[in-house]
Amino acid sequence: MKILLVYPHYPTTFWSFRYAMKFIDRKASFPPLGLLTIAAMLPGDWEKKLVDMNVRPLSDADLMWADYVFISGMTIQKESACEVIDRCRHLGVKIVAGGPLFTSYHETLPEVDHLVLGEGEVTLPLFLQDLQRGEPRHIYCAEQWAQIEQTPVPLWDLVDMKDYAAMNLQYGRGCPFDCEFCDITALFGRRPRNKKVGQIIDELESLYARDWRGAIFFVDDNFIGDKPTLKREVLPAIVEWMKDKDYPFYFYTEASIDLADDPQLMEWMVLAGFEEVFIGIETPDDAGLAESCKLQNRNRDLIESVKRIQRAGLQVHGGFIVGFDSDTPGIFEKQIRFIQESGIVTAMVGVLSALRGTRLYQRLEGEGRLLKDSSGENTIFDVNFIPRMNPEALRLGYQKILDTIYDPKHYYQRVISLFKEYNPRPKGKFHLQKGHIGALFKSILWLGVVGKERLQFWKLFFWSLFRKPRLFPLAITYAVYGFHFRKVAERVRSCD
């Protein structure tokens, strides 16, 4: 068999960091971890190629080479995925599709030959067995959760690591919380399921052996879902491995705000090499937290929780949402004030969207308020339901948040505010990564000379160089991020 694995194009969004990639001469943020893992589960004697459309175009010759095209992606990649499917149908190439997009929208994509839905560890072996008998079915659905202790190391040889800003790996699936707007529990359940320590070390070894040095993203939707196992087994093992290798990597991940309540866990994460954590703050308004069942965020001082995490040695990136039924016109100023006071530099603010599989989707459908399927892109004003707030007021308020927090004056203020709280710990030798010297000089030119933020850029440049020299590389990184975020904000305005 000749198998072509295709990862559809990811549009320019907050998380694509596409404008920032140009500074470091990389083409995409991460490789397609799901497809690389699926590739490792296919028979070893099959020929395999991967085309990441975020790195290079997909040609007809690529498609015609293959016996089967395997495609996977997320909701936000649906438009590109449908284009690939159309091309395959036109060329007569059979399609096997799976992943979050197809699991949620499979009934809208009848053109796909074989739908391997749910977790691949469960459904892919069934498809392969039927294929070997010459009787593959149209659809395979998982009836139980996967035992990920058997998940193989991704087939990294299918990608050129120099194309990416970071590598990625997964420790566990599932989240103990059940926020109304989130589809994670529908896709992966509420009981955290984790890989064994040996699997994580094997994946780190695999990346190390291929000379990767630098950032690794643990893609777990809530890395700290099983705190006791992390503290007892996983993080101590990573600490020892990282010490032995002189800290070749640094890590970042996603977690819930209750991380702030566990100083020992934060200590272990920092010792293991974690430097950043994304946390869903959502809203400073308690009514919005109650409405969305964001129980872990309630009954606490959210700003103090953020600052405890920062002081422990972890940068906090935050997710924020407007458009809850309980939101009043005052929510926009509240969000701006919270973001500025918290020192969350990387603040992703989106408009509430009802994703398939969520309790929010079911509620709004029952209330007759759904308008269309979600695009998966919550950082443009594309509301797929009838909001309680006047839609124009919601649009203008959302745009005001973006215009304010990404404005150079406010943005660079947050960087300095973070640096005053953030307490990183030196670990191992400094690893200069490809493209970083070039990024410094490009930032000086495009941000310090040409850019409208040049006054704030030079203030941060010299402030960090003389006051926090160890954070100087991070200062340049955040300056580049700010450029990307402003471009995304401009794009949002142009879509109005």
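The coordinates are above.
This is a predicted model, so every value here is computed, not measured.

Participant: Help me understand the overall build of the protein chain, please; the structure alone is not making it clear to me.
Facilitator: Counting secondary structure elements, the protein chain contains 19 helices and 14 strands. The C-alpha atoms of the protein chain give 22 Å as radius of gyration, which agrees with the globular expectation for 496 residues (23 Å, within 12%). For the protein chain, buried positions account for 58% of its 496 residues. In the protein chain, of all internal contacts separated by at least 6 residues, the share reaching a separation of at least 24 is 76%. Counting every atom, the protein chain has about 20600 Å² of accessible surface; 54% of that belongs to carbon and sulfur. Of the side-chain charges in the protein chain, 62 are positive and 65 negative, and the distance between the mean point of each set is 6 Å.

Participant: Looking at this structure, I do not really get the packing of aromatic side chains. What am I missing?
Facilitator: For any pair of aromatic rings, the description consists of the separation of the ring centres together with the inter-plane angle of the planes. Inspection of every chain in the model, using the stated rule, returns 36 aromatic pairs. Here Phe218 and Phe223 contribute two aromatic rings whose centre-to-centre distance is 5.3 Å and whose plane-to-plane angle is 70°, an arrangement assigned as edge-to-face. Of the two residues examined, Phe218 and Phe223, each falls in the buried class. Plain terms: the ring middles of Phe249 and Phe251 are 6.4 Å apart, the flat faces sit at 55° to each other, and that makes the pair tilted. Residue Phe251 is classed as buried on the basis of its relative accessible area, which comes to 0%. The positively charged end of Lys49 is found above the aromatic ring belonging to Trp65, 4.3 Å away from the centroid. Taking NZ or CZ as reference, Lys245 lies 5.4 Å from the ring centre of Tyr208, over its face.

Participant: Hey, could you run me through the pairing of strand E12 (residues 274–282) in this one?
Facilitator: Along any regular strand, the residues point their side chains to alternate faces of the sheet. Counting buried residues in E12 gives eight out of nine residues, a clear majority hidden from the surface. Where strand E11 (residues 249–255) lies against E12, five bridges are found, and the strand directions are parallel. Across the sheet, Thr253 pairs through a bridge with Val277, a residue of E12. Here E12 pairs with strand E13 (residues 315–322) via six bridges, running parallel. Bridged to Val277 within E13 is Val316.

Participant: For this particular structure, what's the right way to read a negative patch on the surface?
Facilitator: Judged by side-chain charge, Glu79, Glu83, Asp86 and Glu111 come together as a negatively charged surface patch. Relative to the helices and strands, Glu79 resides in helix H4 (residues 78–91).

Participant: Before we go on, may I ask you to explain the sheet that holds E11 in this structure?
Facilitator: In sheet architecture, strand pairing relies on hydrogen bonds along the backbone and comes in two forms, parallel and antiparallel. One open sheet accounts for six strands, arranged E7-E10-E11-E12-E13-E14; its pairing is parallel. At either end of the open sheet lies a strand with only one pairing partner, and these are strand E7 (167–169) and strand E14 (347–351). Across the sheet, the axes of successive neighbouring strands diverge by a mean angle of 20°, strand direction being ignored. On top of the sheet, helix H13 (residues 331–342) reaches E12, E13 and E14; it is set at about 180° to E13, its chief contact.

Participant: Help me understand the sheet that holds strand E2 (residues 47–52) in this model?
Facilitator: With parallel pairing, six strands are arranged side by side in an open sheet as E2-E1-E3-E4-E5-E6. The sheet is open, and its two borders are formed by E2 and strand E6 (139–140), each paired with just one other strand. Examined bridge by bridge, strand E1 (residues 2–7) and strand E3 (residues 68–72) share four bridges and lie parallel to one another. Bridging across to E3, Leu5 finds its partner in Phe70. Sheet contacts for helix H2 (residues 33–41): E1, E2 and E3; angle to E1, the most-contacted strand, approximately 165°.

Participant: Please explain the side chain of Arg173 as it appears in this structure.
Facilitator: As for its position among the elements, Arg173 is in strand E8 (residues 172–173). Side chain to side chain, Arg173 and Glu121 meet in a polar contact 2.6 Å long. What Arg173 contacts, discounting residues up to four positions off in sequence, is Glu119, Glu121, Ala146, Ile148, Thr151, Phe188, Arg191, Pro192 and Arg193.

Participant: Mind showing me how you'd approach H4 here?
Facilitator: Given 3.6 residues to a turn, an α-helix orients residues that are three or four positions apart in the same direction. An ideal rise of 1.5 Å per residue puts 20 Å on 14 residues; H4 measures up with 20 Å between its terminal C-alpha atoms. Of the residues making up H4, those classed as buried are Ser80, Ala81, Val84, Ile85 and Cys88. Angularly, the buried residues of H4 cover 140° about the axis, an arc narrow enough to put them on a single face. Those residues of H4 that are exposed and angled more than 90 degrees off the buried face are Glu79 and His90. Against the buried residues of H4 lie E1, helix H3 (60–65), E3, strand E4 (94–98) and helix H5 (100–105). Once H4 ends, the next one or two residues include Gly92, with phi positive near 75°.

Participant: Looking at this structure, how should I read the nonpolar core?
Facilitator: Nonpolar side chains tend toward joint burial in soluble globular proteins. If you look at the biggest cluster of nonpolar residues, it comprises 134 residues, and the most contacted ones within it are Phe70, Leu204, Leu259, Ile309 and Phe419. At eleven residues, helix H19 (residues 472–494) tops the list of elements feeding residues into this core. Non-local contacts of Leu259, meaning those with residues more than four positions away in its chain, are made with Ile224, Leu265, Met266, Met269, Val277, Ile309 and Leu314. Counting 24 residues, the second-largest nonpolar core is a separate cluster that includes Ala81, Val84, Val93 and Tyr105.

Participant: Just to check I follow, could you spell out the pairing of E11 for this structure?
Facilitator: Of all seven residues in E11, six are buried; the element is thus mostly enclosed. Bridge count for strand E10 (residues 214–218) against E11 is four bridges, and the pairing is parallel. Bridge pairing links Gly214 to Phe249 in E11. Handedness of the crossover joining E11 and E12 through helix H10 (residues 263–272) is recorded here as right-handed.

Definitions and cut-offs
Residues numbered from 1 in each chain as written. Predicted model: local features only at pLDDT ≥ 70, side-chain atom pairs only at ≥ 80, totals over all residues. Heavy atoms only, no water. Helix = DSSP H or I, 4+ residues; strand = E, 2+ residues; numbered from the N terminus. Rg over C-alpha atoms; globule rule 2.2 N^0.38 Å. Buried < 20%, exposed > 50% of the residue type's maximum accessible area, 1.4 Å probe, protein only. Contact = heavy atoms within 4.5 Å. Areas by Shrake-Rupley, 256 points an atom, 1.4 Å probe, with all protein chains shown as cover. Lys, Arg positive; Asp, Glu negative; His and termini not counted. Charge placed at Lys NZ, Arg CZ, Asp CG, Glu CD. Phe/Tyr/Trp six-rings, centres within 6.5 Å; stacked < 30°, edge-to-face > 60°. Lys NZ or Arg CZ within 6 Å of the ring centre and 35° of its normal. Pairing = 2+ DSSP bridges. Patch = residues over 30% accessible without salt bridge, like charges linked within 9 Å, V, L, I, M, F, W, Y side chains within 5 Å. Salt bridge = Lys/Arg side-chain N within 4 Å of Asp/Glu carboxyl O. Axes fitted to C-alpha atoms, helices over the stretch in contact; angles between N-to-C directions. Polar contact = N/O pair within 3.5 Å; in protein donor to acceptor, adjacent residues only side chain to side chain. Expected span 1.5 Å × (residues − 1). Arc of directions from axis to C-beta. Core = buried A, V, L, I, M, F, W, Y, C linked by side-chain atoms within 4.5 Å. Right-handed = clockwise from strand over helix to strand, strands pointing away.

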